[in-house]
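As a plain string of letters, each chain reads:
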There are 2 protein chains.
Amino acid sequence: MSPGDGLPLWLGLDIGGANIKAAHSNGRAISIPFELWKRPSDLREMLCRAAGLLPAADHLAVTMTAELCDCFATKAEGVSAILGAVSEAFPGRPVAVWGTEGRFLSVEEAIRRPELPAAANWLALATLAARLLPEGPGILIDIGSTTTDLIPLKDGLPAARGRTDTRRLQTGELVYAGVRRTPLMALAAELPHRGEPTALTAELFAATLDVYLTLGDIPPDPTNDSTPDGGPATVEAARDRLARMVAADRDSFSAEDAVALARAADEALMARLLAAANRACRAAVGPPAGAVVSGSGSFLARRLASRLLPPGSPVRSLDDAWGPLASQAGCAYAIVVLAAEQEPSLP
Amino acid sequence: MSPGDGLPLWLGLDIGGANIKAAHSNGRAISIPFELWKRPSDLREMLCRAAGLLPAADHLAVTMTAELCDCFATKAEGVSAILGAVSEAFPGRPVAVWGTEGRFLSVEEAIRRPELPAAANWLALATLAARLLPEGPGILIDIGSTTTDLIPLKDGLPAARGRTDTRRLQTGELVYAGVRRTPLMALAAELPHRGEPTALTAELFAATLDVYLTLGDIPPDPTNDSTPDGGPATVEAARDRLARMVAADRDSFSAEDAVALARAADEALMARLLAAANRACRAAVGPPAGAVVSGSGSFLARRLASRLLPPGSPVRSLDDAWGPLASQAGCAYAIVVLAAEQEPSLP
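The residue count restarts for each chain, going from 1 along the sequence in the order it is written. The naming scheme follows written order: chains are lettered A onward, ligands numbered 1 onward. Residues qualify for local features only when their pLDDT is at least 70, as the model is predicted, and side-chain atom pairs are given and counted only at 80 or more; totals for whole chains, interfaces and linings, by contrast, use all residues. Side-chain numbers come from the whole structure's heavy atoms, not from hydrogens or water.

## What about the UniProt feature "domain: Hydantoinase A/oxoprolinase" (unreviewed entry) in chain A?
Now for step 1: UniProt positions are given in the numbering used here, feature names are shortened, and annotations may be inferred rather than shown by experiment. When the UniProt feature table is mapped onto this chain numbering, "domain: Hydantoinase A/oxoprolinase" (unreviewed entry) sits at residues 61–308 of chain A.
Now for step 2: Secondary structure elements are defined from DSSP: runs of H or I of at least 4 residues count as helices, runs of E of at least 2 residues count as strands, and each element is numbered from the N terminus. Annotated as 40% helix and 16% strand, the span residues 61–308 of chain A places its first and last C-alpha atoms 34 Å apart.

Next up, the structure:
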């Protein structure tokens, strides 16, 4: 318990394969990049570092997607390794693990039934986001760096059909594409270049970050080198990376070529998201009449909502409802709120 | 000149971004894996190592595709760096550089006009391969680890329309897909899993090597760890990698699931190659009446030929015509032959 107001202080951790997100019950949140699959043994240290950037907390709530990383032979092994690192990083502190049944598990139960904590973070976010649309059919559009969740909502509750990521990839509720990390080769087999359909190179030359840097949706950040070639996240460097997707270079690929290719890639992504959202909603709640948008790709989520919904439909933003930091770490924030609510009955 | 028979001895080098291939005029050839984009400064040493595996040679013939690597800011810079490494590795020895005008260039001319040596190796192979089909319209189907060349042939000569890789990606003559290195995310947005269309994860979890290991077309090699996760090239490990493409793991993805997913991926690749081959031939020579197949993916090239050609059409194999080693390093072998032929007029 905190000495101040008598309420326990919660730290929420959303442990992904490329980012660790942390939120504190005081409303602050952070996201730090960490490529877990490259150095899984550093996870404990990175968790400590993330926690050190926020105030102290008595209790921990944990959700994850990193168990799918190929450094773990199976998801069960991944869940066990990740929760082991959490226990080592925060010895003696109570840990509640979010599961796809919509309740928290003890560490022991989570390790025994790894299918429950595996990739459960979307359900925490959807449970909280659904409250922003208390009536009728709706959709949560949460676009991150790597993936998009398209969760049908009904009368203030999630109405998703999938529980595992495999099933969610079938229902349209999970699309493995986001606004930063998705390689262009995964978006399209060919895109127009100078008016002609042009097959793309299948190399990690460019990603959606380069698309949205070029289109001005993501601001340049010369200090960010989490790019396909390790170069800076600038418009100029993005052009070099996009050029290679059609086997060109800056000598033969103009700034106009870059904008045209980026627009076409954005349209390919939008078409994929639109098809998935329609598939997800059609079978679960029917045509959505409102949307909640969130994630670091909320700019794109708003555009998708405007194509998906009838004109004038409500579009609520987690940025507005929870503040931008909480929205950047939305799932971590959501488990903090849910854990505090469910605290009396936690394992 | 060689002291033996009075003919000069040639060493041909085909310098790619993932492999260096070398062929000697005595008919021997080798291929060594080298990820140039990760350590470009080691190129000189790797060239010496490759040459050391073959007999000594008086003259060098060079062709390349590695100038597209993102460790080089432009192709011009790449051509210059690669030829610099060649000159350092073999000081004082004459170097002839193959170009897309179908003739050899001096190192100086190649550096001055980098668009000529850039990605020119396909034309050397096609020039030699075309002689195996001396009459009528045909096609060279050269499937490698990373890319496929689909070169229209006419009366014993190449009839390609593209000269740059960008143009070749438009004509269908170059498809950026092969039988080992192509990530599954680049092959398809979704594939059937247990009878349902399932969106694929967009991560470097599995590649076409895993598809053809699973289907038995490529023999397992436990010592080969040039795989997406660095694990062995075995059927068992391939299953783990394929499972991740649908967010599953070996606990939830059977050997039958692996075969079904691999078959679907193979069909997606075949459909893409068939469409590109038809596009390439239609505009250049009309329907092909014969094929030459080559490359480490010649097993797939034969299947493509059987779908593309009228029944009973001649299908010639570079494996048979030149021997398997020369075919594995086909472009390197081709420039050796062409250089020896053109020797009196070389720069």
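Once the structure has been displayed, the description carries forward.
## What to know about the relation of the copies chain A and chain B
Now for step 1: Superposing the copies works by least squares over the C-alpha atoms of residues that have pLDDT at least 70 in both of them. Least-squares fitting of chain A to chain B yields an RMSD of 0.0 Å, with the transformation described by 0.0 Å of translation along the axis and a rotation of 180 degrees. Taken together, these values place the two copies in the relation of a two-fold axis. Looking at the rotation axis and the C-alpha trace of chain A, the residue lying nearest is Ala186 of chain A, at 2.4 Å.
Now for step 2: Any two residues having at least one pair of non-hydrogen atoms within 4.5 Å are treated as being in contact. A symmetric contact is evident, with 100% of the interface residues of chain A recurring at the interface of chain B.

## Here we look at the interface of chain A and chain B
Now for step 1: Taken together, the contact between chain A and chain B spans 44 residues of the former and 44 residues of the latter.
Now for step 2: Defined in terms of a 1.4 Å probe, buried area is the accessible area two parts forfeit on being brought together, summed over both. Of the roughly 3800 Å² buried where chain A meets chain B, counting both sides, 52% is carbon and sulfur surface.
Now for step 3: Of all residues in chain A, Asp70, Tyr176 and Arg244 of chain A give up the largest surface area on contact with chain B, accounting jointly for 15% of the area buried on that side.
Now for step 4: In the sections that follow, a salt bridge refers to a side-chain nitrogen of Lys or Arg positioned within 4 Å of a carboxyl oxygen of Asp or Glu. Across the contact surface, chain A and chain B share six salt bridges.
Now for step 5: When the shortest N-O distance is used, the salt bridge between Glu203 of chain A and Arg181 of chain B registers 3.2 Å.
Now for step 6: Residues adjacent in sequence count toward polar contacts only when both atoms are side-chain atoms; beyond that, a polar contact is any pair of N or O atoms within 3.5 Å, and within protein one must be able to donate a hydrogen and the other to accept it. On the surface where chain A and chain B come into contact, there are 28 residue pairs in polar contact (both at pLDDT 80 or more).

## Section: the state of the cysteines
Now for step 1: Disulfides are defined as cysteine sulfur pairs within 2.5 Å. Overall, the coordinates contain zero disulfides over all chains when judged by the stated rule.
Now for step 2: This cysteine, Cys281 of chain A, is not joined by any disulfide, and Cys331 of chain A carries the nearest cysteine sulfur, 18 Å off.
Now for step 3: Per-residue accessibility, obtained with a 1.4 Å probe over protein chains only, is compared with the maximum for each type, and a residue is labelled buried under 20%, exposed over 50%, and partly exposed between these values. Residue Cys281 of chain A is classed as buried on the basis of its relative accessible area, which comes to 2%.
Now for step 4: Not engaged in a disulfide, the cysteine Cys69 of chain B finds its nearest cysteine sulfur in Cys71 of chain B; these two sulfurs lie 4.8 Å apart.
Now for step 5: Under the relative-accessibility criterion, Cys69 of chain B is labelled buried at 8%.

## Details of unusual backbone geometry
Residue and element names in this part refer to chain A.
Now for step 1: One non-glycine residue, Ala119, adopts positive backbone phi at about 50 degrees.
Now for step 2: In this structure, Ala119 sits in the loop between α3 (107–112) and α4 (121–129).
Now for step 3: A positive phi is found at Ala247, a non-glycine position, where the angle reads about 55 degrees.
Now for step 4: Overall, Ala247 belongs to the buried group, its relative accessible area being 1%.

## As for the side chain of Asp14 of chain B
All names here are of chain B.
Now for step 1: With respect to the helices, strands and loops of the structure, Asp14 is situated in strand β1 (residues 10–15).
Now for step 2: Positive charges come from Lys and Arg alone, negative charges from Asp and Glu alone, with His and the N- and C-terminal ends not counted. Lys21 provides the closest opposite charge to the buried, salt-bridge-free Asp14, at an N-O distance of 5.5 Å.
Now for step 3: Within the local environment of Asp14, its side chain forms a polar contact with the side chain of Asn121, the two groups lying 3.0 Å apart.
Now for step 4: Look past the residues within four positions of Asp14 in its chain and what remains in contact with it is Asn19, Ile20, Lys21, Thr63, Met64, Asn121, Cys331 and Ala332.

## Quick notes on the environment of Ala275 of chain B
Now for step 1: Within the element layout of this structure, Ala275 of chain B appears in helix α9 (residues 255–284).
Now for step 2: Residue classification places Ala275 of chain B among the partly exposed residues on the basis of a relative accessible area of 46%.

## Digging into the pattern of salt bridges
Now for step 1: Applying the stated rule across the entire model yields 42 salt bridges over all chains.
Now for step 2: Of the charged contacts, one joins Glu196 of chain A and Arg167 of chain B as a salt bridge, the two residues approaching to 3.0 Å between their closest N and O atoms. In this pair, Glu196 of chain A sits in strand β12 (residues 196–199) while Arg167 of chain B sits in helix α5 (residues 165–171), so the two residues belong to two different chains.
Now for step 3: You can call Arg167 of chain B partly exposed: its relative accessible area is 28%.
Now for step 4: Its salt-bridge partner being Arg302 of chain B, residue Asp320 of chain B comes within 3.9 Å of it at the nearest N-O pair. Placement of the pair is Asp320 of chain B in helix α11 (residues 318–322) and Arg302 of chain B in helix α10 (residues 298–308), with a sequence separation of 18 residues.
Now for step 5: With relative accessibility at 64%, the residue Asp320 of chain B sits in the exposed group.
Now for step 6: In this structure, a network of salt bridges that share partners links the residues Glu101, Arg103, Glu109, Arg113 and Glu115 of chain A.

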